[in-house]
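Tertiary structure, described
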Amino acid sequence: MVDNAPVLSVQHAGLTVEGYSRAAVQSYWRVPELKVGFDLGAQPWDFMGTPTWLVTHTHLDHVAALPVYVARRRMMKMEPPVIYVPAPSVEDVRKLLLIMQRLDRGRQTCDLRGAEAGQDIELSREHVVTPFATTHTIPSLGYVVWDRRFKLKEEYHGLAGEKIRDLRQSGVAVTREVRTPLVAYTGDTSPAGLDACPAVFQAKILITEMSFVRPNHRREKIHKFGHMHLDDFLERADRFENELIICAHFSTRYHPQEVRRVVEPKLPPRLRERVRLWI
């Protein structure tokens, strides 16, 4: 076992969230059961087996390890991974991989795709991802992973199985799609990124940033640079329906003890019991 990057872990509702995030240092997350990861600011060796990655934006603390990850997959003779990045960044990321290929003398082979807000990204029959627009200093996206089920339409309830089979075989759509938000990941964003996507507040698990917590840090400046403050969460406390809220990406100005000392007493009890400070 190779331990080359810190990883914290929590399990909830049959899903495991693993990763680490500190502002301006590194951000990387994965949900093994869904075979998907978010951001590649570093690349823990154990994360190499995750085949699909959703990158929120191209700041170095979120994307610097992309060439490392791609190279490791090739070195271990694994299938090329699928990498999604915001559509405006695709060609520059492709150039980055080509430059690394020349420098490293090893092929940077991956399926690089542009992502846009509102599109559907198929993970499997049961799971689909929709990117949503976030507000940061460069092109950025958040991602929602949905559980997708196909249920019989109400008008066909009570109909005999063979009748339903015959309708289906004749081309009639007898089912409807039902989606439940499982995991929402915001990456770096000001509060506007949350407010514009209701599913962020409804997902069973929310992974989000809380870069700043001190009362004297001016929120207008924090928002200008595409980040959030503790007070932004307090103002929205009643909107969070999530079962688990992972708050991370804290500024390096803060010691972990300061984060806990400042944040925990201010959170309303109903919100505090669902928040996990990832530090």
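Before reading on, note that the structure itself is shown above.
Here goes a summary of the coordinates provided.

Structurally, the position occupied by His57 is in the loop between strand S5 (52-54) and helix H1 (60-63). For His57, the side chain forms a polar contact with the side chain of Thr56, separated by 2.9 Å. There is a polar contact of 3.4 Å between the side chain of His57 and the side chain of His59. When residues no more than four places from it in sequence are discounted, the contact partners of His57 are Asp39, His62, Val63, Pro86, His136, Ile138, Pro139, Ser140 and Asp188.

Read across the open sheet, the seven strands follow the order S1-S2-S3-S4-S5-S6-S7; overall the sheet is mixed. The sheet is open, and its two borders are formed by strand S1 (8-12) and strand S7 (111-115), each paired with just one other strand. Pairwise comparison of adjacent strand axes, ignoring direction, gives a mean angle of 20° for this sheet. The strands that helix H3 (residues 90-104) touches are strand S6 (82-86) and S7; relative to S7, the one it contacts most, it runs at about 160°.

Moving on to the layout of surface pockets. Reported here for the largest pocket is a volume of approximately 380 Å³. Phe212, Phe225, His227, Ser251 and Arg253 are the residues nearest the centre of the largest pocket, which is lined by 19 residues in total. For the lining of the largest pocket, a count of residues per class yields five nonpolar, nine polar and five charged.

We now examine a nonpolar patch on the surface. A grouping of Met75, Met76 and Met78 is seen on the molecular surface, where their side chains present a nonpolar patch of about 270 Å² in accessible area. Mapped onto the elements, Met76 comes out in the loop between helix H2 (66-75) and S6. Relative accessible area serves as the criterion here: at 42%, Met76 is assigned to the partly exposed category.

Pairing is possible between side chains of opposite charge, provided their charged atoms come close. Scanning all chains against the criterion turns up 15 salt bridges. The salt bridge involving Arg179 is made with Asp120; its shortest N-O contact spans 2.7 Å. Placement of Arg179 in strand S11 (residues 175-185) and of Asp120 in the loop between S7 and strand S8 (121-122) is noted, with a sequence separation of 59 residues between them. Residue Arg179 is classed as partly exposed on the basis of its relative accessible area of 26%. We classify Asp120 as partly exposed; its relative accessible area is 39%. The partner of Arg219 in a salt bridge is Asp232, with the nearest N and O atoms 2.8 Å apart. With Arg219 in helix H7 (residues 219-224) and Asp232 in helix H8 (residues 230-235), this pair connects stretches of sequence that are 13 residues apart. Given a relative accessible area of 2%, Asp232 falls into the buried group. When salt bridges that share partners are traced, they join Asp195, Arg219, Asp232, Glu235, Arg236 and Arg239 into one network.

Calculation criteria
Residues numbered from 1 in each chain as written. Predicted model: local features only at pLDDT ≥ 70, side-chain atom pairs only at ≥ 80, totals over all residues. Heavy atoms only, no water. Helix = DSSP H or I, 4+ residues; strand = E, 2+ residues; numbered from the N terminus. Polar contact = N/O pair within 3.5 Å; in protein donor to acceptor, adjacent residues only side chain to side chain. Contact = heavy atoms within 4.5 Å. Pairing = 2+ DSSP bridges. Axes fitted to C-alpha atoms, helices over the stretch in contact; angles between N-to-C directions. 1 Å grid on protein atoms, 1.4 Å probe; cavity = no way out; pocket = protein on both sides within 12 Å on 5 of 7 lines; lining within 4 Å. Points joined across faces, edges and corners; volume = space filled by probe spheres on them. Nonpolar A, V, L, I, M, F, W, Y, C, P; charged D, E, K, R; others polar. Patch = residues over 30% accessible without salt bridge, like charges linked within 9 Å, V, L, I, M, F, W, Y side chains within 5 Å. Areas by Shrake-Rupley, 256 points an atom, 1.4 Å probe, with all protein chains shown as cover. Salt bridge = Lys/Arg side-chain N within 4 Å of Asp/Glu carboxyl O. Buried < 20%, exposed > 50% of the residue type's maximum accessible area, 1.4 Å probe, protein only.

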